[in-house]
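Fold and geometry: a report
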Amino acid sequence: AQTVTQSQPEMSVQEAETVTLSCTYDTSESDYYLFWYKQPPSRQMILVIRQEAYKQQNATENRFSVNFQKAAKSFSLKISDSQLGDAAMYFCAYRLSNFGNEKLTFGTGTRLTIIP
Amino acid sequence: DAGITQSPRYKITETGRQVTLMCHQTWSHSYMFWYRQDLGHGLRLIYYSAAADITDKGEVPDGYVVSRSKTENFPLTLESATRSQTSVYFCASSDPGTASNQPQHFGDGTRLSIL
């Protein structure tokens, strides 16, 4: 079974600085997708960024980027120019890429605090 | 508005009671999911459904029942609630027919407290 590990239960960063959240996963498969979801205090689950395992290029969405290391099974999220609105729980998630295999496996989350 | 709606948003009940959490989506997504969120565990899959009348167990199905008679609805029932089922419950949907890398879309969650 696939597992996803987020080893940092809590992180904090000064506003406007850069922070990196860690995620590692365990799988024997070669084709899969990885996601980062953000959960603010409102409880919504918001997709931040996604990465296809077959792509070598790291995904980027504005201030959010990933460092995808397939051989190391690592998928970290970098948030640049941190803003107060970035304060949230962040979840890393994994799913297989074959059609019909839609189940997500989540990590335990990292709570990010932004210090003004 | 299109989207995925969960109800109620908050629910308090007593042990032994039956409670049903509702989930409705307007996208006609084929897949729907129920997760529970607990501190230290992240989100764990309870049940999922690939289409109407097709359901399957996830990681933590014990004590829960689901049905899917219509594509847009996927209710989750706790037949005899226990305190260990106190949690935040999320419904989600996805549609692999549009593109294989489509993410799941989540409802706003139901906070369920069992006394």
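This section reports on the structure supplied with the text.

So, how was this worked out
Residues numbered from 1 in each chain as written. Chains lettered and ligands numbered in written order. Predicted model: local features only at pLDDT ≥ 70, side-chain atom pairs only at ≥ 80, totals over all residues. Heavy atoms only, no water. Helix = DSSP H or I, 4+ residues; strand = E, 2+ residues; numbered from the N terminus. Rg over C-alpha atoms; globule rule 2.2 N^0.38 Å. Buried < 20%, exposed > 50% of the residue type's maximum accessible area, 1.4 Å probe, protein only. Contact = heavy atoms within 4.5 Å. Areas by Shrake-Rupley, 256 points an atom, 1.4 Å probe, with all protein chains shown as cover. Pairing = 2+ DSSP bridges. Phe/Tyr/Trp six-rings, centres within 6.5 Å; stacked < 30°, edge-to-face > 60°. Lys NZ or Arg CZ within 6 Å of the ring centre and 35° of its normal. Buried area = accessible area lost by both parts, 1.4 Å probe. Salt bridge = Lys/Arg side-chain N within 4 Å of Asp/Glu carboxyl O. Polar contact = N/O pair within 3.5 Å; in protein donor to acceptor, adjacent residues only side chain to side chain. Nonpolar A, V, L, I, M, F, W, Y, C, P; charged D, E, K, R; others polar.

Broken down by element type, chain A carries zero helices and 12 strands. When the helices and strands of chain A are read in sequence order from the N terminus, they spell out β-β-β-β-β-β-β-β-β-β-β-β. Scaling as 2.2 N^0.38, a compact globule of 116 residues should have a C-alpha radius of gyration of about 13 Å, and chain A matches this with 14 Å. Along the first, second and third principal axes, the C-alpha atoms of chain A reach 45 × 25 × 20 Å. The buried share of chain A, reckoned over its 116 residues, is 47%. Counting contacts in chain A only where the partners sit at least 6 residues apart, residues at least 24 apart contribute 56% of the total. Here chain A has roughly 5,600 Å² of accessible surface; of this, 45% comes from carbon and sulfur atoms.

Residues and elements named next belong to chain B. The alternating pattern of strand β1 (residues 4-7) places Ile 4 and Gln 6 on a buried face, while none of Thr 5 and Ser 7, on the opposite face, is buried. Inspection of the sheet shows β1 paired to strand β3 (residues 19-25) by four bridges, in the antiparallel sense. Along β3, the bridge assignment pairs Ile 4 with Gln 25.

Looking now at the packing of aromatic side chains. In the structure shown here, the tally under the stated rule is 17 aromatic pairs over all chains. Ring geometry for Phe106(A) and Phe106(B): centres 6.2 Å apart, planes at 70°, overall edge-to-face. Taken together, the positions of Phe106(A) in strand β11 (residues 105-106) and Phe106(B) in strand β10 (residues 105-106) put the pair across two chains. Clustering of aromatic rings is evident, with ring pairs tying together Phe35(A), Tyr37(A), Phe91(A), Phe106(A), Tyr31(B), Phe33(B), Tyr35(B), Tyr48(B), Phe90(B) and Phe106(B). The ring of Tyr10(B) is capped by Arg43(A), whose NZ or CZ atom sits 5.2 Å from the centre of that ring.

What follows is about unusual backbone geometry. Here the amide bond leading from Ser7(B) into Pro8(B) is cis, since omega sits at -10°, within 30 degrees of zero. As for its position among the elements, Pro8(B) is in the loop between β1 and β2 (10-13). Of note in this structure, Lys73(A) is not a glycine but carries a positive phi near 55°. Not every positive phi belongs to a glycine, and Asp53(B) is a case in point at roughly 70°. Tracing the backbone shows Asp53(B) in the loop between β5 (42-51) and β6 (54-57).

Okay, the side chain of Arg36(B) next. Looking at the secondary structure, you find Arg36(B) in strand β4 (residues 31-38). In contact with Arg36(B), other than residues within four places in its own chain, are Gly42(B), Leu43(B), Arg44(B), Ile46(B), Val60(B), Tyr64(B), Ser84(B), Gln85(B), Thr86(B), Ser87(B), Val88(B) and Tyr89(B).

So, on to the interface of chain A and chain B. With 22 residues of chain A at the contact, the number on the chain B side is 27 residues. Contact between chain A and chain B buries roughly 2,100 Å² in total, counting both sides, with carbon and sulfur atoms accounting for 52%. Applying the counting rule to chain A against chain B returns zero salt bridges. On the surface where chain A and chain B come into contact, there are eight residue pairs in polar contact (both at pLDDT 80 or more). The dominant element in the side of chain A that touches chain B, judged by the number of residues it contributes, is strand β5 (residues 32-39) of chain A, at four residues. Each residue belonging to the side of chain A that touches chain B can be placed in one class, and the counts come to nine nonpolar, seven polar and six charged.

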